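Architecture and fold: a report
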Amino acid sequence: MIEKILPPQVAVAEAFHDPVDAALFPGEEELIRNSVESRRKEFITARWCARRALGELGLAPVPILKGERGEPIWPGGVVGSMTHCAGYRAAAVARREDLLSVGMDAEPHEPLPDGVHETIALPTEQQRERELCRAAPEIRWDRLLFSAKESVYKAWFPLTHRWLGFEQADIVLHLDGTFTAELLIPATEPDPAAWATVTPTGFRGRWLVTDGLVATAIVVENEPDTPTG
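Right, let's walk through the structure included here. (Residues numbered from 1 in each chain as written. Predicted model: local features only at pLDDT ≥ 70, side-chain atom pairs only at ≥ 80, totals over all residues. Heavy atoms only, no water.)

Looking now at the overall build of the protein. Scanning the protein from N- to C-terminus turns up four helices and ten strands. Listed by position from the N terminus, the elements making up the protein come as β-α-β-β-β-β-β-α-α-α-β-β-β-β. Computed over its C-alpha atoms, the radius of gyration of the protein comes to 17 Å, within 12% of the 17 Å expected for a compact globule of 229 residues. Each principal axis of the C-alpha atoms in the protein carries an extent, and together these give about 50 × 40 × 35 Å. Of the contacts made within the protein by residues no fewer than 6 positions apart, 63% connect residues no fewer than 24 positions apart. As displayed, the protein offers around 10,900 Å² of accessible surface, 52% of which is attributable to carbon and sulfur atoms. Taking the average location of the 23 positive side-chain charges in the protein and that of its 35 negative ones, the two points are 3 Å from each other. (Helix = DSSP H or I, 4+ residues; strand = E, 2+ residues; numbered from the N terminus. Rg over C-alpha atoms; globule rule 2.2 N^0.38 Å. Contact = heavy atoms within 4.5 Å. Areas by Shrake-Rupley, 256 points an atom, 1.4 Å probe, with all protein chains shown as cover. Lys, Arg positive; Asp, Glu negative; His and termini not counted. Charge placed at Lys NZ, Arg CZ, Asp CG, Glu CD.)

Next comes the structure, spelled out in C-alpha cells:
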C-alpha cells in the first residue's frame, strides 16, 4: 500500500497481520519488556518488516534499536521510517546516498479520538479542513492531518535531532493526494550529530486513503525540500 506514495529508491515491506515467524533480535526484547501483548505484536512485526525492507537493499538483518526520542536506529548509510496501527505495520528504508530522510505514517481511516483534533490542529488548519470536508466528505481529514504531522516529525528529527510539536508544523492538505508542511520554528544551526547541513523550513509529501487506512509519506532529497506555496 504505502509504496504507492514513495519513490522507487525506497524499499518497503508491510504486513496486514502478525507473521508467526516474526522474532526479536538481540537487544530488542529490553525495549518492550513491560509492554502489553498488542504493543509487543506491533513492535515485533514492524521490525520484521524493517529487516525485510533492508533485505531489499541487499543488507543483512540486524537489530533495530531506539534512539533518544524513540526513533529507530538504522544501520550506517541507511535512512528510514516505521509505522504500525490496527491491522497494518510497515517499514520504509533507503540509502543515505539517495535520500536524506524518510518519514511515513499509517492510521485507521476513522475519526480521531475525542479531544485530539483540537490539540494537534492549528486554527488555519481547521479552517482548511472545513473546506476539504465540503469538497470530499468521505475522507477523514482530521485523521489525515494527524498522520501528515506524524510523517513530518519522522522526516524532521533525523535531520535535526530536535523536537517538533504538532503546533510547529502548518499542514496544507490538497485534494490531489499531496500536502505541504511549513515549519513554524526559527532556523538554527543543525546539531552536529544530524545529517542535514541546514535546518529544513518545510516539506512536501503525499497521502493515500485505501482499504480502511490513511497513509502519508515524505522523502527528503539530498537538498532539503521546501514548499513553494
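Still to come is the rest of the account.
The next subject is unusual backbone geometry. Although it is not a glycine, histidine 161 sits at a positive phi angle of roughly 60°. Within the secondary structure, histidine 161 is located in the loop between α4 (141-160) and β7 (169-173). The phi torsion at aspartate 211 lies on the positive side, around 50°, for a residue other than glycine. As for its position among the elements, aspartate 211 is in the loop between β9 (202-210) and β10 (213-220).

This part covers the layout of surface pockets. Empty space within the largest pocket amounts to approximately 940 Å³. Forming the boundary of the largest pocket are 46 residues, of which Gly70, Glu71, Pro72, Tyr153 and Lys154 lie nearest the centre. Elements with a minimum of two residues in the lining of the largest pocket: α1 (37-56), β3 (72-73), β4 (78-85), β6 (101-108) and α4. Ranked by residue count, the leading element in the lining of the largest pocket is α4, at eight residues. (1 Å grid on protein atoms, 1.4 Å probe; cavity = no way out; pocket = protein on both sides within 12 Å on 5 of 7 lines; lining within 4 Å. Points joined across faces, edges and corners; volume = space filled by probe spheres on them.)

Attention shifts here to the sheet that holds β6. An order of β6-β10-β9-β8-β7 is seen for the five strands of this open sheet, with the pairing classed as antiparallel. Both edges of this open sheet fall to β6 and β7, since each of them pairs with a single strand only. Direction aside, the axes of adjacent strands within the sheet are offset by 20° on average. For β9 and β10, the ladder comprises six bridges, and the chain directions are antiparallel. Looking across to β10, one finds that tryptophan 207 is bridged to threonine 216. (Pairing = 2+ DSSP bridges. Axes fitted to C-alpha atoms, helices over the stretch in contact; angles between N-to-C directions.)

The next thing to look at is the sheet that holds strand β1 (residues 11-15). A sheet is described by the order of its strands in space; here three strands give the open sequence β1-β5-β4, paired in antiparallel fashion. Looking at the sheet topology across the chains shown, the edges are occupied by β1 and β4. Each adjacent strand pair in this sheet contributes to an overall mean axis angle of 10°, direction not counted. Pairing of β4 with strand β5 (residues 88-95), which is carried by eight bridges, proceeds in the antiparallel orientation. Counterpart to methionine 82 in the pairing with β5 is alanine 91. Contacts from α1 reach β1, β4 and β5, with the element oriented near 35° to β5.

This next bit is on empty space enclosed by the protein. According to the stated counting rule, one finds two cavities of 30 Å³ or more in the structure shown. In this structure, the largest cavity occupies an estimated 50 Å³ of space. Secondary structure elements with two or more residues in the lining of the largest cavity: α3 (123-135) and β7. With four residues, α3 is the largest single contributor of residues to the lining of the largest cavity. Of the residues in the lining of the largest cavity, the class split is five nonpolar, no polar and three charged. (Nonpolar A, V, L, I, M, F, W, Y, C, P; charged D, E, K, R; others polar.)

These figures come from the coordinates and say nothing about function on their own.
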